[in-house]
Every structure is written in C-alpha cells, then in structure tokens.
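# Topology and contacts: notes
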Amino acid sequence: MKYILVTGGVISGVGKGVIASSFGTILKCCGVRVTCIKIDPYINIDAGTFSPYEHGETYVLDDGGEVDLDLGNYERFLDVTLHRDNNITTGKIYQQVISKERKGDYLGKTVQVVPHITDAIQEWVERIAHIPVDESNEAPQVCIVELGGTIGDIEGMPFVEAFRQFQFRVKRENFCCAHVSLVPQPRSTGEPKTKPTQSSVRELRGLGLSPDLIVCRSEKPIGQSVRDKVSNFCHVGPEQVICIHDLSSVYRVPILMEGQGLVDFISERLHLNLTLPQPKSYMMKWRNLADRVDLLRKEVTIALVGKYTKLEDSYASVLKALQHAAIEVGYKLNVSLIEAANLEKEMKMEDPVMYHKAWQTLCKSNGVIVPGGFGKRGFEGKLEACQWCREMQRPFLGICLGLQSAVVEFSRNVLKLDKANSTEVDPDTPHPLIIDMPEHNQGQMGGTMRLGKRTTVFTSDKSVMKQLYGNKQSVEERHRHRFEVNPKYVKQLEAAGLKFTGHDTENKRMEILELENHPYYVATQYHPEYLSRPLKPSAPFMGLILASVGKLKQYLEHCNSLNPSDVSEDSEFLFLSADDLEAMSTSVDKMRLDSATDNMA
C-alpha cells in the first residue's frame, strides 16, 4: 500500500480537498486503484450535529455515515463508494481508545497521547486503506489521506505526530507528503509572496514531516521565478513545486497538476511502475469535461430557496448536482441563493427592500429548488416558494424538507386545512401532515435519523421520475431525515392530485411526490444530490434543468437521450465520436504547446 498525505498551511479552506481528489483522479486515470481518508481534528464523533455554517454541509454515505463534505469531493471525482470510517475525527479515536481502556486492554498501563492515541491513528489508517471502494472489489493500491486544518493547530498535533511515526512504519518508498500552501498576492504590490509558504514548510519540518511536494495555491498564475524561489527556500526540486491558480472550473485542477509532471514524480517517488509516458487519451474524459464547461454559452437560472444561504458550502452537493445536470444538457448554470425567511409576509413589513428583492429573484428564475434543512426558521418562506411554483407552473424540485414543505402548502391551499403543519414546526397542530418517525429518539440528536442508502419502489408507470430513472422498478438513494409524511393524509392528498409515486419497500413511507398537470413539480424525501457524478448526473436534477429550459418532453420522448437539436447550440461537440474528440484534444494540446513555445521565445 502506498500513502499520500495531504497537509495544509497558512490558512484553512485553501483547497486541500480538491487537491487530494485531483491526486486520486490522476492516479485512477493511470489505472491505479485509489481510496481516500479525511481526518478532521475536531472532537465531535461525526459531522451529524453540525450547523451548516460550521463546516458546510453534512455529507451522507451509503452506510449512513455523516461525514465531512470533502468525502463528497472524493466520491464525485473518483466515482467510488466510501465508508463512515474513511472519515477520522479526534472524537472517534479517543472514543476507541477510552473504550479499550475501560475493557482493560492496556493491562493497567497509563494511557497517553503517545503511544496509545498515535498508535490508534496509524492502525485505523492502515485498516481502512485496504477496504475496497470501487466496483472491482479489490483492495486499493494508493491511499490518499487529507489532514484537515492547518499545520500548527493544537488539535491536529496528535495526527501530525502519528504520521511522523507512520512514515517509518511503512517505509519511505511507500509514503509521500504533499503540502498545500497559500501564496498571497497583495493588491498593493501585485507581487506573489512566498514567505508564508516558507514559514509553513519550516513548521512542518520542525514537527518531523518533510514535504515531497509543495502545492502553491494562488489567485493568479505564478511565474517560474516564484516557483524557483519556493524550491530554493523550501529545499525541494523545482519539479516538486506544483502551482495551482484559480481556474474556470475545478475539473481543470487535475489537468493542470498532470501538466506539471506529477505522474512522473509520483511514479518514481512511490515506485508505482506506471507506464510512461501515458497515452494521450488517458485523461480524455476530464479534458472533454473541462472544455465542455468552458464552451457553454446559453444560461439557465435556478433559484435555491434555503435556510443557510450565507455559506455556499451549506449546499455543496446540491450545487454540484445542479451543475452536473446543466453541463449534461449543455447550459451554463446560474444559481440564485434566496434566504427563505425573506419570502415570508412578515419580512414585507420588517424589511420591504429585502422582501421585494427576494421575490424579484424568484420570479426571474427558470426553475426552483427547495433543499433540505432542520427547524422552523424560514419554513413559511419555503411554503411561499412551493405555492408560487405550483400556481405559476414553474419547474420545482423539493428535497427532504422541500418535499415536506410542498405537502404542507398543498394541504393548506388546496385541501383547505388552514392549520396544517409539520410537528417539527408546530407540535400542537390539529393537522399534522408531517410527523416524526416512530424510531426517532427525541432525547438524543446524533446518529438518530433515517440515514444511508435505502430502496425506493415506484408505484406508478405514469411517473415522470420513473422515466427519468430509465423506467426502473426501484432505485437506491441516500437518506437523512427525522420527519416524514403522515400516512393518514396520503389518500386525501392523492385524490386532490398530489401523487406519491415512490414508496419505501414496506409501502409505509412516502419517498417521491409528483403533481398532476404540471410541467415539473417533483419532490423526494431522499437526497439525490449525494449520488450525482460529473459524468452521471442525478435523474431528479436532470429533470429540473430540462424542464427549466423547456426540453424535458423531448428528452423523455427520445428515451432519456439528448439530440443536438435539443440542447444549446454551443454544445454540438458533446455528440462527436470518440475519435473526433481525441483528434480535437490532440489539436488543442498542440496549440497549447505552440503557445508555450512562443512565450518562452
């Protein structure tokens, strides 16, 4: 087993997750089986009880693990299925060690950070690194470990010490350290500053880890002189300095890294014995995807009505799923984030400017998505968005709380159950359309929801969602919720036109909702965004984008396929043959090489 440790310096949020994912993408394109581990130094057992404003969204895995959003990056980039133990936290490690101490496993010894905590970390990494994560069901060959936070954080010290020991435990030829650091470019001078990177690398070395690769993140491209300076002052070769500036899309990051000789270095450093040079077509799908994103011209605007819109990472997977679908259809995505509370009638009196601005943004959108969330804040605003989409025939997709909002709104305004509500919002409502699940433990918050991949069975052949999923009899999607539709009201809702076209396997839980005589009014209790991939968009999101650009009917008539006449005229190259695409890529590579040669001259 080979290990690549990715650490960060200067500031958090510098892009370690995308860099780690890009390492895996490049290696996977070379035919190497890859897995990933994310280490979060916080004491929480998992990410399940976090507010989205703390660390962004909580990402859910097949096995129900509530983990850091970076594992979503790994799964999307590498198209693998990770497990809850691929996310290590300080809480998990200490819980394991304390549990062993209570059982007497340490034979009366004093339990300390070194060696007991550090040993537990190393054993955990080695154990998880060998678990298969792809369809081959074979053990991975390379494990990429991302250490959250920045070097020097007190909570991360046990992990740094663990990997200082780990590099000798697995031997040098099996361990590589990549340090991601910020190279700021102050506006006052416009000159890239390498001093923060030098200090960060010095601190990392002082803790016993010497970086084999230094990944310099910057806003603008970094010149060769700055790269040489980092090489000189950080005691690494020029080929060991990788420069990543802000790009048009994240899909260009693996391409940029590969273009700086990363494959050659990693192959030699970790003795991977890769075939060099790799065939030109080995990263073809990523080049095509990146070019496709850059060439899109026509736009589609989706309004996202949520509760945590101040931080985009709160809806990271939803935004990615929307982007995947828009790219597939051939449109450039614009997302308008609307704070749900700003749509509520009370806001018209409190802040009329904010109220009218929110409604103007909603009315200008081509489609609307109401994602998941918890609590009563903004719930009435979500109901307003649902009502507007239903009455104005605007494409709508509700997820989790979005489905619950659609049910409550329909009950109030169509069934005339004026005080219909969710018991999460109003425990004393006379019409509890949404109730908590019987197995939900009200006394404990963490890990008590309906989590992970579960089967949804279609109950109607006329379902648009069934067609979007390829007319399958059932689908498996990931869940994360505490409340669900009250079965007592299902017949009444369906008689009025709100159909539940997907149930759980026991036919008790309502999973998919569709409104009759509407272009696209769909909601799911599960979270389809978690299984969306750049080259395999999620079906409900595809439906929303297609309906928003007026192409859903043609798409379904052509058996879920896109014809050139059905998509943006800027995307005809999507339908070229593989040979044409390779020829185009070769031509583009030649143009880039000619341009680079001219610049050097």
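Cut-offs applied
- Residues numbered from 1 in each chain as written.
- Predicted model: local features only at pLDDT ≥ 70, side-chain atom pairs only at ≥ 80, totals over all residues.
- Heavy atoms only, no water.
- UniProt positions renumbered as here; feature names shortened; annotations may be inferred.
- Helix = DSSP H or I, 4+ residues; strand = E, 2+ residues; numbered from the N terminus.
- Rg over C-alpha atoms; globule rule 2.2 N^0.38 Å.
- Buried < 20%, exposed > 50% of the residue type's maximum accessible area, 1.4 Å probe, protein only.
- Contact = heavy atoms within 4.5 Å.
- Areas by Shrake-Rupley, 256 points an atom, 1.4 Å probe, with all protein chains shown as cover.
- Salt bridge = Lys/Arg side-chain N within 4 Å of Asp/Glu carboxyl O.
- Domains from an automatic or database assignment.
- Buried area = accessible area lost by both parts, 1.4 Å probe.
- Polar contact = N/O pair within 3.5 Å; in protein donor to acceptor, adjacent residues only side chain to side chain.
- Axes fitted to C-alpha atoms, helices over the stretch in contact; angles between N-to-C directions.
- Left-handed = near helix turned anticlockwise from the far one by under 90°.
- Nonpolar A, V, L, I, M, F, W, Y, C, P; charged D, E, K, R; others polar.

Per an unreviewed UniProt entry, the chain goes by CTP synthase and derives from Frankliniella occidentalis. Under the heading Catalytic activity (unreviewed entry), UniProt records this for the chain: "UTP + L-glutamine + ATP + H2O = CTP + L-glutamate + ADP + phosphate + 2 H(+)". Taken directly from UniProt, the Pathway (unreviewed entry) text for the chain runs: "Pyrimidine metabolism; CTP biosynthesis via de novo pathway; CTP from UDP: step 2/2."

### A few points about the overall build of the chain
Across its full length, the chain carries 21 helices and 21 strands. Here the C-alpha radius of gyration of the chain, 26 Å, is about what a compact globule of 601 residues would show, namely 25 Å. The dimensions of the chain, computed from C-alpha atoms along their principal axes, are 75 × 70 × 50 Å. Taking all 601 residues of the chain together, 57% fall into the buried category. Partitioning the contacts of the chain with sequence separation of at least 6, the portion at a separation of at least 24 is 72%. When the accessible surface of the chain is summed, it comes to about 25900 Å², and 50% of that surface belongs to carbon and sulfur atoms.

### Concerning the environment of Val-263
Position of Val-263 among the secondary structure elements: in helix H10 (residues 262-269). Note on Val-263: relative accessible area 8%, which makes it buried. In the structure, Val-263 is positioned 298 residues away from Ser-561 in sequence and 36 Å away in space, judged by C-alpha atoms. Excluding residues that lie within four positions of it along the chain, Val-263 makes contacts with Ile-26, Cys-30, Glu-258, Leu-274, Leu-276, Gln-278 and Tyr-282.

### With respect to the pattern of salt bridges
When their charged atoms lie close together, side chains carrying opposite charge are able to pair. Scanning all chains against the criterion turns up 34 salt bridges. In this structure, Lys-453 and Asp-62 form a salt bridge, with 3.3 Å as the shortest nitrogen-oxygen distance. Here Asp-62 lies in the loop between strand E3 (59-60) and strand E4 (66-67) and Lys-453 lies in strand E16 (residues 450-458), a separation of 391 residues in the sequence. Taking the relative accessible area as the measure of exposure, Asp-62 reaches 21% and is therefore partly exposed. Glu-409 is the partner of Arg-390 in a salt bridge, and the nearest nitrogen-oxygen pair spans 2.6 Å.

### Regarding the domain arrangement of the chain
Looking at the chain, the domain boundaries give domain 1 (2-292) and domain 2 (296-558). Centre-to-centre, using C-alpha coordinates, domain 1 lies 34 Å away from domain 2. With 25 residues of domain 1 at the contact, the number on the domain 2 side is 34 residues. Taken together, the two surfaces of domain 1 and domain 2 that pack against each other cover about 2500 Å², and 53% of this comes from carbon and sulfur. Among the residues domain 1 hides against domain 2, the three largest losses belong to Tyr-53, Arg-76 and Arg-292. Together they make up 28% of the total. Inspection of the region where domain 1 meets domain 2 yields eight salt bridges. On inspection of domain 1 and its partner domain 2, the count reaches 18 residue pairs in polar contact (both at pLDDT 80 or more).

### Details of the packing of helix H14 (residues 352-364) against helix H15 (residues 379-392)
At a minimum axis distance of 12 Å, the contact between H14 and H15 shows a crossing angle of 35 degrees. Crossing geometry of H14 relative to H15 is assigned as right-handed. From H14, Trp-359, Leu-362 and Cys-363 reach across to H15, where they touch Glu-384, Ala-385 and Trp-388. A per-class count over the contact of H14 with H15 returns five nonpolar, no polar and one charged.

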